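What follows is the residue order along each chain.
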Amino acid sequence: MRVLELPAGASPRRWGHLHGESFRGEIQSLTEIRMYLCTKVGSFSTEEQILTAARAHLPVLRAYDVDLFEELCGTAEGAGLSPEHLVVANHYTDLRDLSPDPAAWTPAPTADQSPSAAAPAAGGARDSQGDGCSVIWAETPTGRVLAQTWDMHATAIPYVMVLGVPAAGDRPAHRVLTVTGCLGMAGMNSARVAIAINNLFSTDATLGIVWPAMVRKALAQRSAQAARDVVLHSPIGSGHHYFVADRQEAFAIETSGHRRRQVFAGGASYCHTNHCLDPEVAAVSKVPPTSTTHDRYRWLGQSLAARPVADLQDAWQRLGSQDGWPRSVSTNLATPQNPHGAATCGAIAMNLDSGELWAQAGFITNVAADRFST
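Cut-offs used in this document
- Residues numbered from 1 in each chain as written.
- Predicted model: local features only at pLDDT ≥ 70, side-chain atom pairs only at ≥ 80, totals over all residues.
- Heavy atoms only, no water.
- Buried < 20%, exposed > 50% of the residue type's maximum accessible area, 1.4 Å probe, protein only.
- Helix = DSSP H or I, 4+ residues; strand = E, 2+ residues; numbered from the N terminus.
- Arc of directions from axis to C-beta.
- Contact = heavy atoms within 4.5 Å.
- Pairing = 2+ DSSP bridges.
- Axes fitted to C-alpha atoms, helices over the stretch in contact; angles between N-to-C directions.
- Core = buried A, V, L, I, M, F, W, Y, C linked by side-chain atoms within 4.5 Å.
- 1 Å grid on protein atoms, 1.4 Å probe; cavity = no way out; pocket = protein on both sides within 12 Å on 5 of 7 lines; lining within 4 Å.
- Points joined across faces, edges and corners; volume = space filled by probe spheres on them.
- Nonpolar A, V, L, I, M, F, W, Y, C, P; charged D, E, K, R; others polar.
- Phe/Tyr/Trp six-rings, centres within 6.5 Å; stacked < 30°, edge-to-face > 60°.
- Lys NZ or Arg CZ within 6 Å of the ring centre and 35° of its normal.
- Salt bridge = Lys/Arg side-chain N within 4 Å of Asp/Glu carboxyl O.

The set of residues buried in helix H3 (residues 47-56) consists of Ile50, Leu51, Ala53 and Ala54. End-on view of H3: buried residues confined to an arc of 160 degrees, all on one side of the axis. Where H3 is buried, its residues meet helix H2 (24-38), helix H4 (58-64) and helix H6 (83-95).

Okay, here's the thing in structure tokens:
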């Protein structure tokens, strides 16, 4: 799979230039696909509506973290695109939940809002795909393991890559699973803080932070508590489940446009798919009719209860399970008639004690991972 190691000592803008120049064609192609999908599974009708919404996220990113803003803008320049096009490539899952009407947009809060203060639904996808990431957490004899599939539109598979980010200032080095042009989706840093994600479909989407920037900011921390606090206090625009852990602690947080709920704070094992465990987050979320989330959650829960995870290889094999196909942990719902259907587009598995990181693009059933260290 593609790997890009960013150079130590370079500026964030230069990192972005290198990323964009290295994968210019791929970034342009992925952005075009996601522009198209915003009008098919999102509520946008025109390209101008999409870019207007994307452009409105840029000041939020600049205020949130100027280095990550510089890196995103540099990637856009290197790829020959506008910064707002790169917002679409990075922020697609949250952007498609947003109303196309600027009058309906509200700024994302930087802390949980009570149910009574949460805004009503402002828009949202009209025909959401059943994106199906699955997360496993396990304390194993070989170390603490955090692993996930990354399921998305199947046409994203050719763009999956690993990005290596060197230490800069007080930010530890980290390595992330991502797609070309994207700041990062899941990964681990040299302090052995790791993050994994699942998408949730919010009905209260707001104008918030480009979510891969929050992943990178969480990986700039040196403890799971600090990473958790980044999640809890970031202006998140729409729904995700974030799992952060280090060698001592682990936390899971479900989010929507207005709500943040910690749903896990330690234990021998845990799994999460694409429905909410917290009822208040669930109240402003939905599960698409095509989603396989409940099937996958049931299978993973039964698997973890029947036999504890032994090591990274064991976690990797469970993520590759096709039991119950096509409503399985590893799946492909794309067809010739619907090439953008949901599919397992890659996976990542991390041992927080040993520093091992496994990753691979595409379907991972009976496929060996590429192996890295942090």
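Right, picking up where we left off after that structure.
With respect to topology, eight strands assemble into an open sheet ordered S1-S4-S5-S6-S7-S9-S10-S11, the strand pairing being mixed. Whereas interior strands pair on both sides, the edge strands pair on one side only; in this sheet they are strand S1 (2-5) and strand S11 (260-264). Between one strand axis and the next, the sheet turns through 20 degrees on average, direction left out of account. In the sheet, strand S4 (residues 160-165) pairs with strand S5 (residues 174-179) via six bridges, with the strands oriented antiparallel. Residue valine 162 lies in a different strand from S5, and its bridge partner there is leucine 177.

Right, let's get into the sheet that holds strand S14 (residues 342-351). Read across the open sheet, the six strands follow the order S12-S2-S3-S14-S15-S16; overall the sheet is antiparallel. Unpaired on one side and paired on the other, strand S12 (269-272) and strand S16 (370-373) mark the two borders of the sheet. Taking the axes of each pair of neighbouring strands and ignoring which way they run, one obtains an average angle of 15 degrees across the sheet. Pairing between strand S3 (residues 143-153) and S14: nine bridges, direction antiparallel. Paired with threonine 149 across the bridge in S14 is alanine 347. Relative to S12, helix H10 (residues 293-306) is tilted by about 170 degrees, and along the sheet it contacts strand S2 (135-140) and S12. Contacts from helix H11 (residues 312-319) reach S2, S3, S14, strand S15 (356-361) and S16 within the one sheet, and its direction differs from that of S14 by about 170 degrees.

What follows covers the nonpolar core. Counting 92 residues, the largest nonpolar core has Trp137, Leu146, Trp150, Tyr242 and Phe243 as its most contacted members. Beyond its immediate stretch of four places on either side in the chain, phenylalanine 243 contacts Trp137, Leu146, Ala194, Ile195, Ala196, Ala250, Phe251, Ala252, Phe264 and Tyr270. Ile136, Ala349, Trp358 and Ile364 belong to the second largest nonpolar core, which has 18 residues in total.

Next up on the list: the layout of surface pockets. Taken as a whole, the second largest pocket spans an internal volume of roughly 200 Å³. Considering the residues around the second largest pocket, the lining is formed by 16 residues, among which Pro12, Trp15, Asp67, Ala168 and Arg171 are closest to the centre. At the level of secondary structure, the elements contributing two or more residues to the lining of the second largest pocket comprise helix H1 (12-22) and helix H5 (66-79). A per-element tally of the lining of the second largest pocket places H5 first, with three residues. The class makeup of the residues in the lining of the second largest pocket is ten nonpolar, two polar and four charged.

Turning our attention to the pairing of strand S6 (residues 186-189). Here S6 shows a buried face lined by Ala186 and Met188 and a second buried face lined by Gly187 and Asn189. Note that S5 and S6 share four bridges and pair antiparallel. Each bridged residue has a counterpart across the sheet, and for arginine 175 the counterpart in S6 is methionine 188. Here S5 folds back onto S6, and the loop between the two strands holds six residues, one of which, glycine 181, carries a positive phi near 90 degrees. Judged from the two bridges that link them, S6 and strand S7 (residues 194-199) form a sheet pairing that is antiparallel. Looking at the pairing, glycine 187 lines up with isoleucine 195 of S7. Between S6 and S7, which follow one another and run antiparallel, lie four residues, and arginine 192 among them has a positive phi close to 65 degrees.

Attention now goes to unusual backbone geometry. Residues tryptophan 325 and proline 326 are joined by a peptide bond in cis, for which omega reads 5 degrees. Its place among the elements puts proline 326 in the loop between H11 and S14. For arginine 192, which is not glycine, the phi dihedral falls at a positive 65 degrees. Residue placement: arginine 192 occurs in the loop between S6 and S7. Overall, arginine 192 belongs to the buried group, its relative accessible area being 15%.

Moving on: the packing of aromatic side chains. Throughout the structure, instances matching the rule amount to five aromatic pairs. Linked through ring pairs, Trp137, Phe243, Phe264 and Tyr270 together constitute an aromatic cluster. Positioned above the aromatic ring of tyrosine 64, the side-chain terminus of lysine 217 is 4.4 Å from the ring centre. When the ring centre of phenylalanine 251 is taken as reference, the NZ or CZ atom of arginine 228 above it lies at 4.4 Å.

Looking now at empty space enclosed by the protein. Counted by the stated rule, this structure contains three cavities of 30 Å³ or more. Put simply, the largest cavity is a space of about 50 Å³. At the level of elements, H6 and S3 are the ones that each hand at least two residues to the lining of the largest cavity. Counted by class, the lining of the largest cavity contains seven nonpolar, two polar and one charged residues. Computed from the structure, the second largest cavity encloses a volume of approximately 40 Å³.

Oppositely charged side chains can pair when the atoms bearing their charge come close. In this structure the tally under the stated criterion is 19 salt bridges. A salt bridge links glutamate 5 to arginine 175, with the nearest nitrogen and oxygen atoms 2.6 Å apart. Of this pair, glutamate 5 sits in strand S1 while arginine 175 is found in strand S5, placing the two residues 170 residues apart along the sequence. Classification of glutamate 5 by relative accessible area gives partly exposed; the value is 45%. On the accessibility criterion, arginine 175 (14% relative accessible area) is buried. In this structure, arginine 14 engages glutamate 21 in a salt bridge whose closest nitrogen and oxygen atoms are separated by 3.7 Å. On the accessibility criterion, arginine 14 (36% relative accessible area) is partly exposed.

Any functional reading would require information beyond the geometric quantities listed.
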